[in-house]
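Architecture and fold: a report
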Amino acid sequence: MTTRTLVVAGHGMVGHRLVEEMLTHDRHGRWRVVVLGEEPRAAYDRVALSSLLDGATPDDLALAGPDVLGDGRLRLRPGTTVTGVDRRARTVTCDDGTETGYDALVLATGSRPFVPPVPGRDLPGCFVYRTVEDVAAIRAAAVAGREAVVVGGGLLGLEAANGLRLLGMRPRVVEMAPWLMAQQIDEGGGRVLAGAVERLGVGVHCSSALHAVGAGPDGRADRVELADGTVLDAALVVFAAGVRPRDELAAPLGLERGGRGGFLVDGWCRTADEHIWAIGECAAVEGRCHGLVVPGFRMAETVARQLVDGAGEPFAGADGSAKLKLLGVEVAGFGDAHARAPGAIEYVREDRRAGTYAKVVLAADGRTLLGGVLAGDTRAYPVLRGLTGRELTASPDELLTGAAGGS
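Residues numbered from 1 in each chain as written. Predicted model: local features only at pLDDT ≥ 70, side-chain atom pairs only at ≥ 80, totals over all residues. Heavy atoms only, no water.

We now examine the overall build of the protein chain. Counting its secondary structure elements, the protein chain contains ten helices and 26 strands. Rg of the C-alpha trace for the protein chain: 23 Å, near the compact-globule value of 22 Å for 407 residues, within the 12% margin. With the C-alpha coordinates of the protein chain rotated into their principal frame, the extents come out at 70 × 65 × 40 Å. In the protein chain, which comprises 407 residues, the proportion classed as buried is 51%. Across the protein chain, every contact between residues at least 6 apart in sequence was considered, and the portion connecting residues at least 24 apart equals 61%. Of the side chains in the protein chain, 44 bear a positive and 52 a negative charge, and the two mean positions are spaced by 1 Å. (Helix = DSSP H or I, 4+ residues; strand = E, 2+ residues; numbered from the N terminus. Rg over C-alpha atoms; globule rule 2.2 N^0.38 Å. Buried < 20%, exposed > 50% of the residue type's maximum accessible area, 1.4 Å probe, protein only. Contact = heavy atoms within 4.5 Å. Lys, Arg positive; Asp, Glu negative; His and termini not counted. Charge placed at Lys NZ, Arg CZ, Asp CG, Glu CD.)

So this is what it looks like as structure tokens:
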């Protein structure tokens, strides 16, 4: 039996899930796995990055245990960047000059933080929020009692703001959208979230575009200028305004990109080259990139089944449902949370005194649940998410009783 070589370019959460799937299901040792990870450490839980600002250590976030790292079928090379691929010879070249042959290559290069192209974005005191090293640099630069600005009011931005708050800073969040978490929840939910966040001492500036980052006498960032002329003091600026796929290898490989970037792959995560796949945030599955970790895990499982068994199921798309706790505030969005379906009906219960908001979106027939939003109290989420796409088992008011106390 000939042993084949799988090379994985990237060792983030999704790349590591592929490794785990391969080692678990390749019971006959048909594959050896070579992982080329750009970061100086093995894969870690990036979703829990903010915990590093609240006492956790990088070891607490580690995903690769001794059982994986000690497996003889795996060769892990952290601190190694792929610089080129020869598709004809089926070899990968790295920044240290080494060359590795492959029978299958999986691109799991992830994404890079998006930094708005404004003056001053690269001043000392400006940071992105992506890696363990980024968080360490933010912690070292934090000054208790001083103002900080986080650019981005999505999940990552709010986590960064909370981390700065825990470090004793006074953070403000600047978001271009009309409300926080605009992709996951609606305006009502965003209003409840913003109120709760502000009560914790975090300033919120929505519908605000960043114009520039200004420097103080020492050359470091000391203020943020918004498009409407507002100036916010900032001893530290964190950019958490989304990500862009790491697809710079597409051109040298001669592989096609999706319309918004990412390696273009089909439903099986295959590129146009039968020996190359792409998974996670760098993959544009049938043209669409998915910026969450759970879809990336499903992609990793899809590819592993193909390599091990020559079978499996194609990637079935992403469930955009999310239940989160941000700065102690529970929020959830599921299904057609923004009521975009033709004829959709919205039923809302809100208790401003209690700080809760709950909405269900019904189809035009008034009976089929399409989606919803919960903020402040998410106890109804499991039942509602399970009913999505089905006819209601009770009135909307009864279903939401556990999610909001007033009307």
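Following the structure, the description resumes.
Below, the discussion takes up the UniProt feature "domain: FAD/NAD(P)-binding" (unreviewed entry) in the protein chain. Residues given the UniProt feature "domain: FAD/NAD(P)-binding" (unreviewed entry) here are residues 6–286. With 21% helix and 28% strand, residues 6–286 has its two end C-alpha atoms placed 23 Å apart. (UniProt positions renumbered as here; feature names shortened; annotations may be inferred.)

Attention now goes to the sheet that holds strand β2 (residues 31–36). Backbone-to-backbone hydrogen bonds join strands into a sheet, with any given pair of strands oriented parallel or antiparallel. Pairing within the open sheet is parallel, and its five strands lie in the order β3-β2-β1-β7-β19. Two strands in the sheet have a free side with no partner beyond their single neighbour: β3 (74–77) and β19 (276–278). Direction aside, the axes of adjacent strands within the sheet are offset by 15° on average. Both strand β7 (residues 104–107) and β19 contribute to a ladder of three bridges, which runs parallel. What sits directly across from Leu105, in β19, is Ile276. Seen against the sheet, helix α8 (residues 293–309) touches β1 (4–9), β2, β7 and β19 and runs at an angle of roughly 155° to β19. (Pairing = 2+ DSSP bridges. Axes fitted to C-alpha atoms, helices over the stretch in contact; angles between N-to-C directions.)

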